[in-house]
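Okay, here's what each chain looks like letter by letter:
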Amino acid sequence: MNPTFEVFSQGEEIVTGQVVDTNAAWLSQRAVEMGFTVTHHTAVGDKLEDLIQVLLDISKRADCCICTGGLGPTSDDLTAEAVAKAFGLSLVFDEIAYAQIEQFFRHRNRQMPECNRKQAMLPQGSIRLDNSVGTAPGFALQQGRCWFAFVPGVPSEMRHLFLEHIQPLLLNRFDLRPNKLITIKTTGIGESDLQDRINKLAIPPQIQLGFRAEIGEVQTKLLFPHDYPQKQIEDLSHSIAKAIGDAVYAIEGLGQQSGNLVSVINQLMTSGKQTLTVVETASHGLLAAKMVGMSWLLNAMYEPSIEKLTQRLHVENNPNDLIVTAKRIAHAIQKNTDADMILIQLTSGFDSVDKDNKGVVTVINVLLAKDQCFQATRAIAGNIERKQHQAAMLSLDILRRHLQGKEII
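Cut-offs used in this document
- Residues numbered from 1 in each chain as written.
- Predicted model: local features only at pLDDT ≥ 70, side-chain atom pairs only at ≥ 80, totals over all residues.
- Heavy atoms only, no water.
- Helix = DSSP H or I, 4+ residues; strand = E, 2+ residues; numbered from the N terminus.
- Rg over C-alpha atoms; globule rule 2.2 N^0.38 Å.
- Buried < 20%, exposed > 50% of the residue type's maximum accessible area, 1.4 Å probe, protein only.
- Contact = heavy atoms within 4.5 Å.
- Areas by Shrake-Rupley, 256 points an atom, 1.4 Å probe, with all protein chains shown as cover.
- Phe/Tyr/Trp six-rings, centres within 6.5 Å; stacked < 30°, edge-to-face > 60°.
- Lys NZ or Arg CZ within 6 Å of the ring centre and 35° of its normal.
- Polar contact = N/O pair within 3.5 Å; in protein donor to acceptor, adjacent residues only side chain to side chain.
- Pairing = 2+ DSSP bridges.
- Axes fitted to C-alpha atoms, helices over the stretch in contact; angles between N-to-C directions.

Visitor: Sorry, what's going on with the overall build of the protein here?
Guide: For the protein, the helix and strand inventory stands at 13 helices and 17 strands. Against the compact-globule benchmark of 22 Å for 409 residues, the protein has a radius of gyration of 27 Å, which places it well outside the compact range. If you line up the protein on its principal axes, its C-alpha atoms span 80 × 55 × 40 Å. Relative to its 409 residues, the protein shows a buried fraction of 47%. Put simply, 64% of the contacts in the protein that link residues at least 6 apart link residues at least 24 apart. If you sum the accessible surface of the protein, you get close to 19800 Å²; carbon and sulfur atoms cover 48% of it.

Structural data, given as structure tokens:
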């Protein structure tokens with residue numbers, strides 16, 4: 001069984017929602033990659049009694065815990081004091097830590113306030129974790145069942161101490177056998193449809209199945225035990241991807257990392273030496289923004305009014321058939337561009353939405369490639385920001401499907 005891992009986050013700003021705890025997510029991802037089983041995320045405000053109690057609880061149930069926050073110089077930074085009182089330790093002045101704090105201020109031509117001396121007071125018997133990017137040194141110690149590491153809450157400092165000091169210590173202290181994570185990435189399909197398609201397959205009980213959804217994309221995650229045969233991992237992953245169908249745009253964990261949908265499109269466009277011109281309406285410039293910096297994007301045009309767009313391009317507008325209009329626009333642009341493909345995104349229904357912009361609208365995508373026209377129509381709903389994102393993802397998906405040779409729907 002993999003050793004258990006917890007994250008203990010400290011600070012009133014976290015429990016009151018003033019700050020999003022990105023540290024916990026980042027640490028958990030690193031821990032799973034290393035071979036730990038993450039069991040708890042705990043957050044506590046700046047109350048000494050609460051900190052002490054949580055530390056005592058964790059020392060009895062976890063094999064490893066990374067604690068973030070509470071190492072600063074002010075009165076509300078209570079971590080070192082809480083550790084000392086929880087485990088009956090004294091706080092000891094660390095001359096090296098103090099010298100490093102002094103040097104931090106000296107290099108910036110600043111006078112070190114007296115309160116920073118507090119950061120050099122470390123629990124007796126702990127290992128100092130030098131912090132070269134901030135004033136607060138971390139420290140680590142074993143108490144009860146658990147090996148604790150305490151790091152600053154500033155994300156850049158936390159990550160530096162973890163990668164520089166903590167990760168090597170963990171690799172030496174624990175027998176880690178990472179589980180194997182496969183992520184099947186899809187777009188244009190919902191969680192319930194994914195579940196229905198996957199239900200047709202028999203997934204062994206030792207494999208953990210999960211989903212992660214966001215606007216425009218759902219990830220199906222398969223966590224295999226570390227000793228699961230590689231051939232069976234590949235066979236099951238491909239079987240699930242086949243059952244899902246053309247909505248799959250990438251599988252991560254079986255070799256080369258794919259990245260997000262735009263990264264996959266970039267790989268396909270670059271390898272195929274293809275170029276693109278884009279016209280968008282409903283996505284309000286977001287489609288071009290997602291592809292900014294790509295060498296294959298030759299031109300991008302945003303025009304919220306179809307009438308103005310058709311007038312500018314001297315194209316006849318057929319309001320009763322936006323697909324016909326989109327095709328006319330694509331062919332008009334084709335005459336004045338060297339791009340291999342023209343992607344046109346038009347929309348209808350914005351004039352009839354309610355005052356909160358939460359009505360249903362229709363997005364029409366037409367892709368002109370080598371004198372062939374491909375089209376896809378989809379209804380989208382939600383507030384204006386959600387429609388904008390959905391429209392951009394639908395346009396990216398028709399491009400992705402064409403490049404991957406999949407059916408365009």
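From this point, things continue past the structure.
Visitor: What am I meant to see in the environment of E407 here?
Guide: Position of E407 among the secondary structure elements: in the segment after α13 (384-404). For the pair formed by E407 and E307, sequence separation is 100 residues and the distance between their alpha carbons is 31 Å. Not counting the four nearest positions on each side in its chain, E407 is found in contact with D246 and R401.

Visitor: What am I meant to see in the packing of aromatic side chains here?
Guide: In total, this model carries nine aromatic pairs according to the counting rule given. Ring geometry for F104 and F105: centres 5.9 Å apart, planes at 80°, overall edge-to-face. With a centroid separation of 4.7 Å and an interplanar angle of 20°, the aromatic rings of F139 and F150 are classed as stacked. Taken together, the residues span a long stretch of sequence, with F139 in strand β7 (residues 138-143) and F150 in strand β8 (residues 146-151) at a distance of eleven residues. Both residues of the pair, F139 and F150, belong to the buried class. Against the face of W26 rests R30, its NZ or CZ located 4.8 Å from the ring centre. A cation over an aromatic ring shows up here: R117 above the ring of F93, its NZ or CZ 4.1 Å from the ring centre.

Visitor: Explain the environment of H40 here, please?
Guide: Of note, H40 is situated in strand β2 (residues 37-44). Judged by its relative accessible area of 34%, H40 falls in the partly exposed class. As a C-alpha pair, H40 and A62 span 22 residues in sequence and 9.0 Å in three-dimensional space. Those residues in contact with H40, other than ones at most four positions away along the chain, are F5, E6, V7 and R61. A polar atom in the side chain of H40 sits 3.4 Å from the side chain of E6.

Visitor: Teacher, can you tell me more about the sheet that holds strand β17 (residues 372-380) here?
Guide: Note: strands within a sheet are paired through backbone hydrogen bonds, in either parallel or antiparallel orientation. Pairing within the open sheet is mixed, and its five strands lie in the order β14-β13-β15-β16-β17. In this open sheet, the two strands that pair with only one neighbour each are β14 (297-302) and β17. Across the sheet, the mean angle from the axis of one strand to that of its neighbour is 10°, orientation sign disregarded. In this sheet, β14 lies alongside strand β13 (residues 276-280) in parallel orientation, the contact comprising five bridges. Within β14, the residue paired with V278 across the bridge is A300. Sheet strands in contact with helix α12 (residues 322-334) are β13, β15 (341-348), β16 (361-369) and β17, and its direction is about 150° off that of β15.

Visitor: What is the right way to look at the pairing of strand β1 (residues 4-10) in this model?
Guide: Walk down a regular strand and you will see the side chains alternate between the two sheet faces. Burial within β1 is extensive, with seven of its seven residues counted as buried. Taking every second residue as pointing to the same face, both faces of β1 are buried, with T4, E6, F8 and Q10 on one and F5, V7 and S9 on the other. Pairing between β1 and β2: seven bridges, direction parallel. Paired with S9 across the strands is A43, a residue of β2. The sheet contact formed by β1 and strand β3 (residues 64-68) spans five bridges and is parallel. Each bridged residue has a counterpart across the sheet, and for F5 the counterpart in β3 is C64.

Fair warning: the whole summary comes from geometry, so function is off the table for now.
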